[in-house]
Amino acid sequence: MSRPYETIKTKKEQTTTWITLNRPDKLNAINATMLQELSEALDTTEKDTNVRCVIITGEGEKAFSAGADITELQKLTQETAAEFSRKGQQVFSQVETLSKPVVAAINGYTLGGGLELALACDFRLASDHAELGFPEMKLGIIPGWGGTQRLAWTVGVAEAKRLIMLGDRVKAEEALKMGLVDKVVSMGKLEAEAEALAQRLCEGSPAALKYAKRAINSVTKSLLESGLKKETDFFAQIFSTKETKEKIDSFISQRNKKEGDC
Ligand code: COA
């Protein structure tokens, strides 16, 4: 039995486990507690031989996840930024290397760290109102949880540069065309479609699925590992700059001002 969680929910339905990011009032932004709880839930799932497939989604209809919790980014220094990056990378690598298939059911905004999590999943189903992107550039930073690497591997270097360096945000249909998601369905059908996909996966032999996943992941493994280390170094270096601090502070103070004006 897993312990009760604060920032995620888990639900087992026959041979599938649902993991739901559960901070809807913060658009399921990923904080340190959520990373830790995700890691524990993945461990539990790995050990449970009855579980054959995992679906990750966000609570509510607005967001899968709006990314790393910006209030935690605000506190980072060059030293703590490296650890922050490594922790997120480690948890998302846990998703990628889980011995069971993982489906992302993308139910709205999927930004920054939210997209990094989705990219670590084996399949991505999106609701038609979903929007995906990397807003890091406007905060003066880069993705630090594997996004620079997995995005380029998934959609190619040119599209990765467009999304990360220009900060273009794409709607679900465009994401489908560029191969960022595998299928788009209406929000009302997302859960059923995710379950149907999980059901098809559960029909496969667990051992064959595990080895197929491991073999396919080995295509990128060594380059991905060295790329992730570089990403951590660059992510940390950026936090030594004055401009980054100013951009993050300004983003947060503009938001606070907006609230004050209401
Ligand atoms: N970290 C922390 N809190 C976040 C968040 C994040 N990444 N994204 C959204 N939230 C919080 C907001 O602060 C707000 O909380 P509050 O009501 O206590 O002020 C709540 O979620 C709702 O967000 P809000 O911005 O009011 O919704 P919106 O519909 O106006 O805008 C977004 C939606 C996604 C466009 C906007 O929330 C946004 O730009 N978020 C930041 C995305 C980002 O830069 N992520 C990458 C981080 S590296």
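Residues numbered from 1 in each chain as written. Predicted model: local features only at pLDDT ≥ 70, side-chain atom pairs only at ≥ 80, totals over all residues. Heavy atoms only, no water.

**Comments concerning the side chain of Glu 116**
Line of reasoning, step 1. Turning to its location among the elements, Glu 116 is positioned in helix α4 (residues 113–120).
Line of reasoning, step 2. Although Glu 116 lies buried, it forms no salt bridge, and the closest oppositely charged side chain, Arg 150, sits 7.1 Å away as judged by the N-O distance.
Line of reasoning, step 3. Here Glu 116 is in contact with Phe 92, Phe 134, Glu 136, Pro 143, Gly 144, Trp 145, Gly 146 and Gly 147, once residues within four sequence places are set aside. (Helix = DSSP H or I, 4+ residues; strand = E, 2+ residues; numbered from the N terminus. Buried < 20%, exposed > 50% of the residue type's maximum accessible area, 1.4 Å probe, protein only. Lys, Arg positive; Asp, Glu negative; His and termini not counted. Salt bridge = Lys/Arg side-chain N within 4 Å of Asp/Glu carboxyl O. Contact = heavy atoms within 4.5 Å.)

**A closer look at the packing of helix α5 (residues 147–155) against helix α10 (residues 221–238)**
Line of reasoning, step 1. For the pair α5 and α10, interaxial distance at closest approach is 8 Å and the crossing angle is 140°. Of the possible angle classes, the one that applies to α5 and α10 is oblique. Here Gly 147, Thr 148, Gln 149, Arg 150 and Trp 153 of α5 come into contact with α10, specifically with Leu 223, Leu 224, Gly 227, Leu 228 and Glu 231.
Line of reasoning, step 2. Its residues assigned to classes, the contact of α5 with α10 shows four nonpolar, four polar and two charged. (Axes fitted to C-alpha atoms, helices over the stretch in contact; angles between N-to-C directions. Parallel < 35°, antiparallel > 145°, perpendicular 65-115°, else oblique. Nonpolar A, V, L, I, M, F, W, Y, C, P; charged D, E, K, R; others polar.)

**Thoughts on the pairing of strand β2 (residues 16–21)**
Line of reasoning, step 1. Summarising burial for β2: six of the six residues are buried, a large majority.
Line of reasoning, step 2. Every second residue of β2 is oriented toward a common face, with Thr 16, Trp 18 and Thr 20 on one face and Thr 17, Ile 19 and Leu 21 on the other, all of them buried.
Line of reasoning, step 3. Relative to β2, strand β1 (residues 8–13) runs antiparallel, the two sharing six bridges. Opposite Lys 9, over in β2, you have Thr 20 as the bridge partner.
Line of reasoning, step 4. Counted along the chain from β1 to the antiparallel partner β2, the turn is two residues long, and its residue Gln 14 has a positive phi close to 50°.
Line of reasoning, step 5. Bridging between β2 and strand β3 (residues 53–58) involves six bridges; their strand directions are parallel. Considered in β3, the bridge of Trp 18 is made with Ile 55.
Line of reasoning, step 6. The parallel pair β2 and β3, bridged by helix α1 (residues 32–47), forms a crossover whose chirality is right-handed. (Pairing = 2+ DSSP bridges. Right-handed = clockwise from strand over helix to strand, strands pointing away.)

**Examining the pairing of β3**
Line of reasoning, step 1. Counting buried residues along β3, six of its six residues qualify, which places the element largely inside the surrounding structure.
Line of reasoning, step 2. Of the two faces of β3, both are covered, the one formed by Cys 53, Ile 55 and Thr 57 as well as the one formed by Val 54, Ile 56 and Gly 58.
Line of reasoning, step 3. Sheet analysis places β3 next to strand β5 (residues 102–106), joined by four bridges and oriented parallel. For Thr 57, the partnering residue across the bridge sits in β5 and is Ala 105.

**Here's the deal with the layout of surface pockets**
Line of reasoning, step 1. By volume, the largest pocket amounts to about 840 Å³.
Line of reasoning, step 2. Together, 34 residues line the largest pocket, and Ala 29, Ala 66, Ile 70, Phe 251 and Arg 255 are the ones closest to its centre.
Line of reasoning, step 3. When contributions to the lining of the largest pocket are tallied by element, the ones reaching two or more residues are α2 (70–73), β6 (109–111), α4 and α11 (242–261).
Line of reasoning, step 4. Among the elements that line the lining of the largest pocket, the one with the most residues is α11, at five residues.
Line of reasoning, step 5. Grouping the amino acids of the lining of the largest pocket by side-chain chemistry returns 17 nonpolar, six polar and eleven charged.
Line of reasoning, step 6. Counted as a void, the second largest pocket has a volume near 510 Å³. (1 Å grid on protein atoms, 1.4 Å probe; cavity = no way out; pocket = protein on both sides within 12 Å on 5 of 7 lines; lining within 4 Å. Points joined across faces, edges and corners; volume = space filled by probe spheres on them.)

**Concerning the pattern of salt bridges**
Side chains that carry opposite charge are capable of pairing whenever their charged atoms lie near each other.
Line of reasoning, step 1. All told, the structure shown has 15 salt bridges when counted by the stated rule.
Line of reasoning, step 2. A salt bridge links Lys 213 to Asp 122; the nearest nitrogen and oxygen atoms lie 2.8 Å apart. Taken together, the positions of Lys 213 in helix α9 (residues 206–217) and Asp 122 in the loop between α4 and β7 (123–127) put the pair 91 residues apart, joining distant regions of the chain.
Line of reasoning, step 3. Residue classification places Lys 213 among the buried positions, given a relative accessible area of 10%.
Line of reasoning, step 4. Overall, the relative accessible area of 24% leaves Asp 122 in the partly exposed class.
Line of reasoning, step 5. Across the pair Arg 169 and Glu 131 runs a salt bridge whose closest N-O atoms are separated by 2.9 Å. You can see Arg 169 sitting in the loop between α6 (157–165) and β9 (170–171) and its partner Glu 131 sitting in strand β8 (residues 131–133), a full 38 residues away along the chain.
Line of reasoning, step 6. For Arg 169, a relative accessible area of 47% gives the class partly exposed.

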